[in-house]
Amino acid sequence: MRLLVIEDEAKIASLLKKGLQEQGFQVDISTDGEDGLERATTTPYDAIVIDIMLPKRDGLSVLKTLRSRKVTAPVMIITARGDVNERVEGLNLGADDYMAKPFSMDEVVARIRALVRRVTGETITLYKIGDLVMNLVTREVLRGTRRISLTAREFRLLEHLMRLPDQVVTRTQLIERVWEYHFDPGTNLVDVYIQRLRRKIDDGEEVKLIQTVRGVGYCVRAQ
Amino acid sequence: MKRWPLRTRLVWWTVLVGGLSVALFGGIVAQSLKTKLRHHLDTTLRSEGESVFAGVSELGHAMNWNDPAEVARLFSAVVSLYSFEIEQPPGSLVYRSRALGNLTLPVGEDGAAFSGTIGGTDPARILQLRSETMRLRVAVDLSPFNEWEKSMWWTYAIILPLTLAFLAGGARWLYATALKPVDDIVAAAEHITAERLEQRLPVSGNRDEIAHLTTVLNRMIDRLQQSFEQARRFSADASHELKTPLTIIRGELEIALRSGEIPHGVERTMLDLLDETGRLIHIVEGLLLLSQADAGKFPVGTEVVALTELIEELAEDVEILGDRLEIGVELRLAHSVMVKGSPMFLRQLVLNLFDNAIKYNRQSGTIRCELTTVAGVAVFRIANTGEEIPAAQRDRVFDRFFRVESSRARMNAGVGGHGLGLSIAREIVRAHGGSLTLESSEPGWIVFQFTIPLCEFGATAPREIARKNDDALG
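**Details of the overall build of chain B**
- Secondary structure assignment for chain B yields ten helices and twelve strands.
- Of all 474 residues assigned to chain B, the portion counted as buried reaches 27%.
- Excluding contacts between residues fewer than 6 apart, the proportion of contacts in chain B whose partners are at least 24 apart in sequence is 65%.

**Brief notes about the overall build of chain A**
- Secondary structure assignment for chain A yields eight helices and twelve strands.
- For chain A, the residues scored as buried account for 43% of the 223 residues in total.
- In chain A, the share of contacts with a sequence separation of at least 24, taken over all contacts with a separation of at least 6, comes to 53%.

**Focus on the packing of helix H6 (residues 152–163) of chain A against helix H8 (residues 188–201) of chain A**
All names here are of chain A.
- Two numbers describe how H6 lies on H8: the axes approach to 10 Å, and their chain directions differ by 90°. In terms of axis orientation, H6 runs roughly perpendicular to H8. On the side of H6, the interface is formed by Arg 153, Glu 154, Leu 157 and Leu 158, while H8 contributes Tyr 193, Arg 196 and Leu 197.
- A breakdown of the residues in the contact of H6 with H8 according to their chemical character gives four nonpolar, no polar and three charged.

**Some details on the sheet that holds strand S10 (residues 377–385) of chain B**
Residue and element names in this part refer to chain B.
- Reading across from one edge, S7-S9-S10-S12-S11 is the order of the five strands in this open sheet, with mixed pairing throughout. The sheet is open, and its two edges are formed by strand S7 (328–333) and strand S11 (435–439), each paired on a single side. For this sheet the average axis-to-axis angle between neighbouring strands, irrespective of direction, equals 15°.
- Both S11 and strand S12 (residues 445–453) contribute to a ladder of five bridges, which runs antiparallel.

**Some thoughts on the pairing of strand S4 (residues 75–80) of chain A**
All names here are of chain A.
- Taken across its six residues, S4 has five buried, putting it largely inside the fold.
- Bridging between strand S3 (residues 47–51) and S4 involves four bridges; their strand directions are parallel. Looking across to S4, one finds that Ile 50 is bridged to Ile 77.
- Handedness of the crossover joining S3 and S4 through helix H3 (residues 59–68) is recorded here as right-handed.
- Relative to strand S5 (residues 97–101), S4 is paired through five bridges, and the arrangement is parallel. Bridge assignment links Ile 77 to a residue of S5, and that residue is Tyr 98.

**Description of helix H1 (residues 10–22) of chain A**
All names here are of chain A.
- Taking 1.5 Å per residue, 13 residues should reach 18 Å; H1 reaches 18 Å between its end C-alpha atoms and fits that length.
- Inspection of H1 places Ile 12, Leu 15, Leu 16, Gly 19 and Leu 20 among the buried residues, and these make up the whole buried set. An end-on view of H1 places all buried positions within 115° of arc, on one side of the element.
- Just downstream of H1 lies Gly 24, where phi reads positive at about 90°.

**Section: the environment of B:Phe166**
- Tracing the chain through its elements places B:Phe166 in helix H3 (residues 143–191).
- Remark: the alpha-carbon pair of B:Phe166 and B:Val15, spanning 151 residues in sequence, is separated by 9.2 Å.

**Quick look at the packing of helix H5 (residues 264–294) of chain B against helix H10 (residues 421–431) of chain B**
All names here are of chain B.
- Remark: H5 packs on H10, axes separated minimally by 10 Å, with the N-to-C direction vectors making an angle of 40°. In terms of orientation, H5 and H10 fall into the oblique class. Handedness of the H5/H10 crossing: left-handed. Together, Gly 286, Leu 289, Leu 290 and Ala 293 of H5 and Ser 423, Ile 424, Glu 427 and Ala 431 of H10 make up the contact between the two elements.

**Some words on the confidence of the model for chain B**
All names here are of chain B.
- On average, chain B scores 81 in pLDDT, and the residues at 70 or more come to 92%.
- Low pLDDT (under 50) marks residues 410–416, which in the prediction has seven contacts with non-local residues, meaning those over four places away or in another chain.
- When the criterion is pLDDT under 50, residues 458–474 qualifies, and its contacts beyond four places in sequence or with other chains add up to 24 contacts.
- Here the prediction assigns the complex a pTM of 0.62, and the interface score ipTM is 0.76.

**Things to note about the interface of chain A and chain B**
- Contacts between chain A and chain B engage 38 residues on the former and 42 residues on the latter.
- Taken together, the elements giving at least two residues each to the side of chain A that touches chain B come down to H1, helix H5 (105–120), H6, helix H7 (171–179) and H8 of chain A.
- Broken down by element, the side of chain A that touches chain B gets its largest block of residues, six residues, from H1(A).
- Class assignment of the residues belonging to the side of chain A that touches chain B gives a composition of 15 nonpolar, eleven polar and twelve charged.

**With respect to the sheet that holds strand S3 (residues 114–118) of chain B**
All names here are of chain B.
- With antiparallel pairing, five strands are arranged side by side in an open sheet as S2-S1-S5-S4-S3. Edge positions in the open sheet fall to strand S2 (93–96) and S3, since each of these has one partner strand only. Sheet twist, expressed as the mean angle between neighbouring strand axes with direction ignored, is 30°.
- Where strand S4 (residues 122–130) and strand S5 (residues 135–141) come together, seven bridges link them in antiparallel fashion. Looking at S5, one finds that Leu 129 is bridged to Leu 136.

**Here's the deal with unusual backbone geometry**
- Along the chain, A:Lys101 connects to A:Pro102 via a cis peptide bond; the corresponding omega equals 0°.
- Within the secondary structure, A:Pro102 is located in the loop between S5 and H5.
- The linkage connecting B:Gln88 with the following residue, B:Pro89, adopts the cis geometry, with an omega of -5°.
- Take B:Pro89: it is sitting in the loop between strand S1 (82–87) and S2.
- One non-glycine residue, A:Lys56, lies in positive phi territory at about 75°.
- Mapped onto the elements of the fold, A:Lys56 is located in the loop between S3 and H3.

**Some words on helix H2 (residues 33–42) of chain A**
Residues and elements named next belong to chain A.
- What H2 keeps buried is the set Gly 33, Gly 36, Leu 37 and Ala 40. Relative to the axis of H2, the buried residues are bounded by an arc of 100° and lie together on one face.
- The secondary structure elements touched by the buried residues of H2 are strand S1 (2–6), strand S2 (26–30), S3 and H3.

**A word on the environment of B:Val339**
- With respect to the helices and strands, the residue B:Val339 is situated in strand S8 (residues 338–341).
- Note: C-alpha distance between B:Val339 and B:Ala306 (33 residues apart in sequence) is 6.6 Å.

Rules of the game
Residue positions are given per chain, counting from 1 as you read along its sequence in written order. Note on labels: chains are lettered from A, ligands numbered from 1, in written order. Confidence filtering applies because this is a predicted model: local features only for residues at pLDDT of at least 70, side-chain atom pairs given and counted only at 80 or more, and all residues used for totals across whole chains, interfaces and linings. The secondary structure listing takes helices from DSSP runs of H or I that are at least 4 residues long and strands from runs of E that are at least 2 residues long, numbered from the N terminus. In this scheme every C-beta is placed from the backbone, and a residue whose C-beta has 20 or more other C-beta atoms within 10 Å is buried, one with 12 or fewer is exposed, and one in between is partly exposed. C-beta atoms are placed from the backbone for every residue, and two residues are taken to be in contact when these atoms lie within 7 Å. Helix axes are fitted only over the stretch in contact, all axes being lines through C-alpha atoms; the angle between N-to-C directions runs from 0 to 180 degrees. Roughly parallel here means an angle under 35 degrees, roughly antiparallel means over 145, roughly perpendicular means 65 to 115, and every remaining angle is called oblique. Three classes are used: nonpolar for Ala, Val, Leu, Ile, Met, Phe, Trp, Tyr, Cys and Pro, charged for Asp, Glu, Lys and Arg, and polar for all others, with Gly counted as polar. Strand pairing is assigned whenever DSSP detects at least two bridges linking the two strands. Here, the term right-handed applies to a crossover whose path from the first strand over the helix to the second runs clockwise when the strands point away from the viewer. Each residue after the first adds 1.5 Å to the expected span of a helix. By arc we mean the arc of the directions from the helix axis to the C-beta atoms, nothing more. If you view the pair so one helix is near and one far, a crossing is left-handed when the near helix is turned anticlockwise from the far one by less than a right angle, and right-handed when it is turned clockwise. Every residue carries a pLDDT, the predictor's confidence in it, which falls somewhere between 0 and 100.

Pasting the structure below:
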C-alpha cells in the first residue's frame, strides 16, 4: 500500500508518515502543491492525503486537477476545523473523506484503511475478537452463537472498541468518536454505555472481553 | 434644566435673552422719547407763555380783556392746545382761556415749568410767569400725550410676546437644523458595535465644527477597530498556531501507545496526557470559534435541522449524565420544529445548555425543557433547579472563562467544562439569527432561553416524529 501525503508542515508530515508507516503503509511526502500534483499524476498511489493550505498550489486546486486528469485514487483532505466551506468544497471536488486539524492519528489510520479498502473492494465487513463477531454490513453481533441486539449508539461504541483490538481507548476519545461531542460532557456517559454493553456481551460469559484499563479507558481483549 | 435636551435649553435661553433685549431696547427708546417730548413741551410752553406775556407787557396801555378782538389779536399766534390764566395785578384773575371753562390752574412757583392738574383732574404741564403788574399761567394738557404713551405701552405688550413666539419658533428651527448632524451621528454611532467596527459616522460636506468632530470621532473608531482586530487576530492566530503542536502531541501519544512498547506505569500517564490534550484541543477550538464569531465569520451551515429530534436524542444522554445527582429530565417538545443551520453546532448548543443545567443543579433536582414555536421562531426554554445566580453575576454568565461562584458547581466540578460553554452557546445562537438569554424567574430555578428563526418550510412540513428509541434503555 503506497500513500502520498502532500503536507508542507514538516512536523505534521513526519507524524503522518510515522503513524502510517507503522501500520504497514509506504508513505511518500510532498511539501508543496505543484510537486504533489506532479507525483500524484505520475505515480499510482493507493490513497492521497492533501492538506488544503499548501504553498505554490492550494490543496483544493490540486484535488480538482487530479480529478480532471482522471486520477481516481481516494483522497483525504486535511482542513482547519470549523471551516465548513472548505470541507464542503473539498467533498464536492471529489475528496473521499476529510480530517480536521488537530486530528487524531488513530482516526486518520482507521479512515485511510477504510478508504483503501473501499477502493480495492476489500471492504471490511467483520470484526472478530475471541468469539465476539461483529458484522458491519448486516449489523449483526454474535457472541459465540448468541445473537446480541444493540442500539445504534451501542453498536458504534463496540465498533470503535473492536476497530483497534487490544488497544486502550480513553473515555475522551470515545466521547469524541462515538458521540461526536466536541467538548467534554463528562465521562460517566461512556461508563453507563459500557456497562450496558457489558451486560449484553459479557454477562454470563467466562471470558470478559470488555475490560476497564486502570480507570482511564477501555479495551476489547480476548484473553 | 439640566435634564432637558440641549435644543430645548437653547430655545429657552434664546427666548430669555431675546425677550430681555427687546424689552430693554423698547424701554430705553420709550423713556428717551418721553424725556425728549417733555423737554420739547416745556420749551414750547415757555415760548408760548413768554410771547403772550410780552404781548400784554408791550401793549403800552391797559389791556381791555372784554374786547374779544383785542384778546383774539393777543392769542393769534398761540396754538389752541395751550390754556392761559392771566392775573393783573397778580392775584386778580382777568382772563381765563375759554377751553378751561371754570376749571382753574394751580398756582405754583414762578419761572419754571411744573406738573400739575387742570381743575384738579387732568394732568398738565404748567408754567407761571410774573412781573410787578401781572401773573400769567400757561398750561398744556398732557392727556393726549398720556394717551399716546399708553398706546405705546400697549403696542409693546402685544409686540413683545409676538416677537418672543417668533424668536422661539425661529430658534427651534435653527437649532433643529444645526443639531441635525448630531442626531445623524447619534443614530450612526448606535449601530457601531464591537462586531461592526468597520462602520463610520457620516461626515457632512460642511467644514464646520460638527464635521470636524465627526472626523475626529471616526479617527478614534479607526484606532479602536485596529486594536480590536489585533486582539481578534491574536486570538485566532494563537488558536491556529496551537493546532499543529497539539496535533503532534496527540499523534505522537497515540502512536507510542499503539506500539505496545510502553511500560504499564508510563502508559497510564500517557493516557492521562492524551485526555488532557483532548481537553486542550476543545478549549483551543472553542477559542477559535469565538474569534471567528467576533470577526462575524461564524461557520454556520444551511442544513435543515430537526430541532425536536436533536433535543430528544441529547436528552437521553443528559438523563445518564444527571444520574449521579439523581436529576430528573422533563421534556415538553413541540413536534417537527425545523431550523436552518449547522447540526453540529446546534447539538453543541443544546448540550452546552444541558451541561450547564446539570452542573448548577442540586441533588435530586430537575431539568425542565420546553420547545415551542411562536410567530415563526423556535423557542427553547431550559430550566433547572439550583442556587439562583446572584444578581451581580447575571450579566457576566456569558463572558468568556466566567464561572458562577457556587458550592454546587465546585462539587460538580468533575462534570467538566472550561468556562467557554455559554459564550459559545450564545455565539451559536447569534450565528443562527437568534438570541440566548438568562431569564429571571421564580426562586430556586435557573432558566435559559434561546430563540432561532424557524426554517421557512418548517411549519408546513408535517413530519411524523418517530421518537428514537434505539438508544433508550434496552
